[in-house]
Amino acid sequence: MRPLTPAKILSICAALAAVLFVEVVVSLQIGAYHMGARDIVVTLYQGALGHWDAMPGEFKSVIFGLRLPRIALGILVGAALSTAGAGFQALLRNPLADPYVLGVSSGAALGTIISLIVTPHAPGAMQGAAFVGAFATVAVVYFLGRRGGQLDSATLLLAGIVAASFLSAVIMFLMTTISGRDLRGMAFWLMGDLQSDPRIDLRWLYFLLIVAIGCIFTTSSDLNLMLTGEQEARHLGVNVNRVKLVVYICASLLTGLAVSVSGAIGYVGLLVPHVMRMLFGTDYRLLIPTSAIGGAIAIVLADTLARTVVAPSELPVGAMTALAGAPVFIYLMRRRMR
Amino acid sequence: MGMILASRVQLKLLSAAMVALITCVMPTFARVGDIFNSRQSAAGPQDSRKATSQADTKIVTDGTGRSVAIPIHVQRVVSLAPNLTETVYALGLEDKLVGDTTYCDTPAAAKEKPHIGAPLTPSLEAIVALHPDLVLATAINRWETVEAITKLGIPVYTVEPHTVRDMLQSISSLADVMGAHEQGVALVAKLQGTLDNLQTGLRDKPLVHVLFVVWEDPLITIGQNTFIADALRWSGAESVIISKQDWPQISMEEVLRLEPDYIVLTSNHSGTDDTDQVRDLRARGVWNQIEAVKLGRIVVVGEEVTRPAPGLVEVIVQLAHGLHPEIFGTEQKHSRLENRGWESDAGRLVACVR
């Protein structure tokens, strides 16, 4: 095993960040409203300097009101979901684990819907409820997934699938009680949608995102050891229970964060960590940060496609990730089997 | 293994470095949140500047009770739904319509306008690109869309007609908002006249019990609070299904039990003839058990019935003719069809098989 130096981790992350940056620049230029590259650069520059009155109102609307917020939200959601996916995969030692499959996304969605019914306008209520929903689902699935005191991987996945379909049924039930207009918005949001207003300052969400990813990252050498088995890791001096608790809480927080602003977007949490493993190996010290940036790249790409392929209409980004994600996943699976 | 454990110290440093790095990058995107917040406060001076350059604005209350500041002289309007587009054309204000949705097909000329996407999934950028000074929305649009457009500084006027009377009311309010009060009064008077004539004809007649089929398989019908239910009442009919849900799914057993006098279908736009549609229905096993189907009491109405727009009145008249053949002769029906002017061929009553 070649040593993994911080310099190597940083350089790979910097390379991925550069890819993300290029993608953001390209994505900023694509849209129904035509703006030349020069206009975009000038508008961005004026925005950065705070010269709001110097730029045309429509440029300001398009760049700072529509495109940048969407990209910022996409980066947040992508990073959160794929890091949560990588975390769940490590904990459960199961390559199929992801927030969607384990029912965590559905739990977060249910929490958000309940908060929308009970307190429609309280800021942060959606996020809080989504986190509670995600964490409660993880706790129940974890409890159901145990067999004879040990976590059984197959039982756990089954428990997750059962929880997901049960929670979806509850969501369907609640949705029939909601009036027509809210229902349509909700149905869209469930498919995964980056257009809706998060109703909370993005900086709070970014702050939580970084804290949660940072916490998971600090456990990554322990996660490496736990890949060989919990018992073995325990013998090597890893405080397994503490690591599990940290990762469960952080992964639930990340899922709740993502679902509360964008609905349930599937496949990202499953796919991105796998792609990163194939590219950079299974070391979690590298996998956690690359998954975060890779997830951001994937969602920004998916959303850019979602708002261009059927222009002038838009697809929900969740439909786009499933459309692109499922074939890629099957391809990766077949290639691995060969 | 020793190497991995040793590197845990490095790892702590690295995670600190990562957090520091991302915190540096963060403000770039976090500014967006700032801008959103500052937009609200900055909207004041900016709007007033806009207001002075664009003469004056007036504050009106729209159909959802929101106060909207709209220009007194509206010049460029984007419609977010087919019924709004149809109303704008019916008022003769199509010159002010600069964009509509991909679903706007009535009248045919509406298809030629620049499209901003589907009513549920419009592209906000495409709307901005058309430089509208007013956007019209209705019940089929999402709240999120209305909120997002408002946030971009474009006024959105929403109408939400739930009954035929609401629909007439919405025509005059849309006319007023677009500065065409007289056209609105004239159109509403004309439509009201048609409805009044119909009510004179239907006076003292018992309501016909119908099953309105929204979708055949699974069988979906209308609830009591939809404007289609109201339109049925205007045409001297009543849905056999009483439901608080807007689009309830029901079982065939229930239909057999309730024994509707007539089955009302909406014509699908897939190009098949409406008589084919009726034949398809009769070919299905269970449907044949229904008395109304056995007797051929099936009425097919145009898709206009699903749109709270001026064309709805025409459909109500045609529905009344189809459901009350003992009152209205078929002659009158055909003469009406020719006098429709701006309406498309979609609002026709095509098959009344018996």
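Just so we're clear, the structure is a prediction, and the values are computed from it rather than from any experiment.

**Some words on the nonpolar core**
Phase 1: Within the largest apolar cluster, 118 residues are counted, with the highest numbers of intra-cluster contacts made by Phe88 and Leu209 of chain A.
Phase 2: Of the residues forming this core, the biggest block, 21 residues, is contributed by helix H3 (residues 57-92) of chain A.
Phase 3: With residues up to four places along the chain from it excluded, the contact list for Phe88 of chain A reads Arg93, Ala97, Asp98, Pro99, Leu102, Val104, Val138, Tyr248, Ala251, Ser252 and Thr255 of chain A.
Phase 4: Counting residues in each nonpolar core, the second largest holds 59 residues, with Val68, Tyr89, Leu134 and Val299 of chain B among its members.

**A word on helix H4 (residues 143-151) of chain B**
In an α-helix there are 3.6 residues to a turn, and that puts residues three or four apart on one side.
Residue and element names in this part refer to chain B.
Phase 1: Among the residues of H4, Thr145, Val146, Ala148 and Ile149 are the ones counted as buried. For H4, the buried positions fall inside an angular range of 165° around the axis, keeping them on one side.
Phase 2: Just downstream of H4, Gly153 is the residue with a positive phi angle, here 90°.

**A look at the packing of H3 of chain A against helix H13 (residues 284-306) of chain A**
All names here are of chain A.
Phase 1: At a closest axis distance of 7 Å, the pairing of H3 and H13 adopts a crossing angle of 140°. Accordingly, the angle class assigned to the pair H3 and H13 is oblique. Where H3 crosses over H13, the two elements pack in a sense that is right-handed. Counted together, Arg70, Ile71, Gly74, Ile75, Gly78, Ala79, Ser82, Thr83, Ala86, Gln89 and Ala90 of H3 and Tyr284, Ile288, Ser291, Ala292, Gly295, Ala296, Ile299, Val300 and Asp303 of H13 form the full contact between these two elements.

**Some words on the pattern of salt bridges**
All names here are of chain B.
Phase 1: In the structure shown here, the tally under the stated rule is 11 salt bridges over all chains.
Phase 2: Of the charged contacts, one joins Asp230 and Arg233 as a salt bridge, the two residues approaching to 3.4 Å between their closest N and O atoms. Separated by three residues within a single helix, Asp230 and Arg233 lie in helix H7 (residues 227-234), roughly one turn from each other.

**Some details on the confidence of the model for chain B**
All names here are of chain B.
Phase 1: Put simply, chain B has an average pLDDT of 78, and 75% of its residues get 70 or more.
Phase 2: No element of chain B has a lower mean pLDDT than strand S11 (residues 352-353), at 38, and none a higher one than strand S3 (residues 77-79), at 96.
Phase 3: Across residues 1-6, confidence stays below pLDDT 50; counting only partners more than four residues off in sequence or on other chains, it has five contacts.
Phase 4: Counting contacts from residues 331-354, a segment whose pLDDT is below 50, to residues more than four positions away or on other chains yields 61 contacts.

**Brief notes about the packing of aromatic side chains**
All names here are of chain A.
Phase 1: According to the stated counting rule, one finds five aromatic pairs over all chains in the structure shown.
Phase 2: Measuring from centroid to centroid gives 5.0 Å for Trp52 and Phe64, while their planes differ by 90°, and the two rings are edge-to-face. Taken as a pair, Trp52 in the loop between helix H2 (37-49) and H3 and Phe64 in helix H3 lie far apart in primary sequence, 12 residues in all.
Phase 3: Ring centres of Phe88 and Tyr248 lie 6.3 Å apart, and the angle between their planes is 50°; on these two criteria the pair is classed as tilted. Of this pair, Phe88 sits in helix H3 while Tyr248 sits in helix H11 (residues 240-262), and the two are 160 residues apart along the sequence.
Phase 4: Judged by its relative accessible area of 1%, Phe88 is buried.
Phase 5: Tyr248 sits in the buried class, given a relative accessible area of 9%.
Phase 6: Of the aromatic side chains, those joined through ring pairs into one cluster are Phe88, Tyr142 and Tyr248.

**Some points on the pairing of strand S9 (residues 262-266) of chain B**
Side-chain direction in a regular strand flips from residue to residue, so the side chains alternate between the two faces of the sheet.
Residues and elements named next belong to chain B.
Phase 1: Along S9, five of the five residues are buried, which leaves the element largely enclosed by surrounding structure.
Phase 2: Burial along S9 is two-sided: Tyr262, Val264 and Thr266 facing one way and Ile263 and Leu265 facing the other are all buried.
Phase 3: As paired elements, strand S7 (residues 208-213) and S9 share four bridges and run parallel to each other. Bridge pairing in S9 links Phe212 to Val264.

**Looking at a nonpolar patch on the surface**
Residue and element names in this part refer to chain A.
Phase 1: Taken together, the side chains of Phe21, Val22, Val25, Val26 and Ile30 present a nonpolar region at the surface, about 420 Å² in accessible area.
Phase 2: Within the fold, Val26 resides in helix H1 (residues 6-29).
Phase 3: Residue classification places Val26 among the partly exposed positions, given a relative accessible area of 43%.

**A look at the sheet that holds S3 of chain B**
Residue and element names in this part refer to chain B.
Phase 1: Sheet architecture is open: four strands sit in the order S4-S3-S5-S6, paired in parallel fashion. With one partner strand each, in any of the chains shown, strand S4 (97-99) and strand S6 (156-159) form the two edges of the open sheet. In this sheet, neighbouring strand axes are inclined to one another by 35° on average, regardless of whether the strands run parallel or antiparallel.
Phase 2: In this fold helix H2 (residues 82-90) packs onto S3, S4, strand S5 (134-138) and S6, with an angle of close to 125° to the strand it touches most, S5.
Phase 3: In the packing of H4 onto the sheet, the strands contacted are S5 and S6, and the crossing angle to S6 comes to about 155°.

**Some words on the packing of helix H5 (residues 164-177) of chain B against helix H6 (residues 181-202) of chain B**
Residues and elements named next belong to chain B.
Phase 1: Contact pair H5 / H6: the axes reach a minimum separation of 7 Å and the direction vectors enclose 160°. Comparing their axes, H6 and H5 come out roughly antiparallel. Crossing of H5 over H6 shows right-handed handedness. When H5 is examined against H6, the residues Val164, Arg165, Leu168, Ile171, Ser172, Ala175 and Asp176 are found in contact with a partner set consisting of His181, Gly184, Leu187, Val188, Leu191, Gln192 and Leu195.

Cut-offs applied
The residue count restarts for each chain, going from 1 along the sequence in the order it is written. Naming scheme: in the order in which they are written, chains are lettered from A and ligands are numbered from 1. Only residues with pLDDT of at least 70 are given local features in this predicted model, and only at 80 or more are side-chain atom pairs given and counted; all residues enter the totals for whole chains, interfaces and linings. Side-chain measures here rest on the full set of heavy atoms in the structure, leaving out hydrogens and waters. For this analysis, a nonpolar core means a set of buried residues of the types Ala, Val, Leu, Ile, Met, Phe, Trp, Tyr and Cys, connected via side-chain atoms within 4.5 Å. Exposure categories follow from relative accessible area, calculated using a 1.4 Å probe and restricted to protein chains: below 20% of the type maximum is buried, above 50% is exposed, and the middle band is partly exposed. The numbering of helices and of strands both runs from the N terminus, where a helix is a DSSP run of H or I of at least 4 residues and a strand a run of E of at least 2. Contacts between residues were defined by any pair of non-hydrogen atoms, one from each residue, lying within 4.5 Å. The directions from the helix axis to the C-beta atoms form the arc being described. Angles here are taken between N-to-C directions and fall from 0 to 180 degrees, while the axes themselves are lines fitted to C-alpha atoms, restricted in helices to the stretch in contact. To sort the angles, those under 35 degrees are grouped as roughly parallel, those over 145 as roughly antiparallel, those from 65 to 115 as roughly perpendicular, and the leftovers as oblique. A clockwise turn of the near helix away from the far one marks a right-handed crossing, whereas an anticlockwise turn of less than a right angle marks a left-handed crossing. Salt bridge, as used here, is a side-chain nitrogen of Lys or Arg placed within 4 Å of a carboxyl oxygen of Asp or Glu. One number per residue, pLDDT, summarises how confident the predictor is, and it ranges from 0 to 100. Stacked, tilted and edge-to-face are the three classes applied to pairs of Phe, Tyr and Trp rings, where Trp contributes its six-membered ring and a pair requires centres within 6.5 Å; stacked means planes under 30 degrees apart, edge-to-face means over 60, and tilted covers the rest. DSSP-based pairing: two strands are paired if at least 2 bridges between them are found. Candidate patch residues must exceed 30% relative accessible area and have no salt bridge, after which like charges are joined if within 9 Å and Val, Leu, Ile, Met, Phe, Trp or Tyr side chains if within 5 Å. Each accessible area value is a Shrake-Rupley result obtained with a 1.4 Å probe; residue values ignore everything except the protein chains displayed when judging cover.

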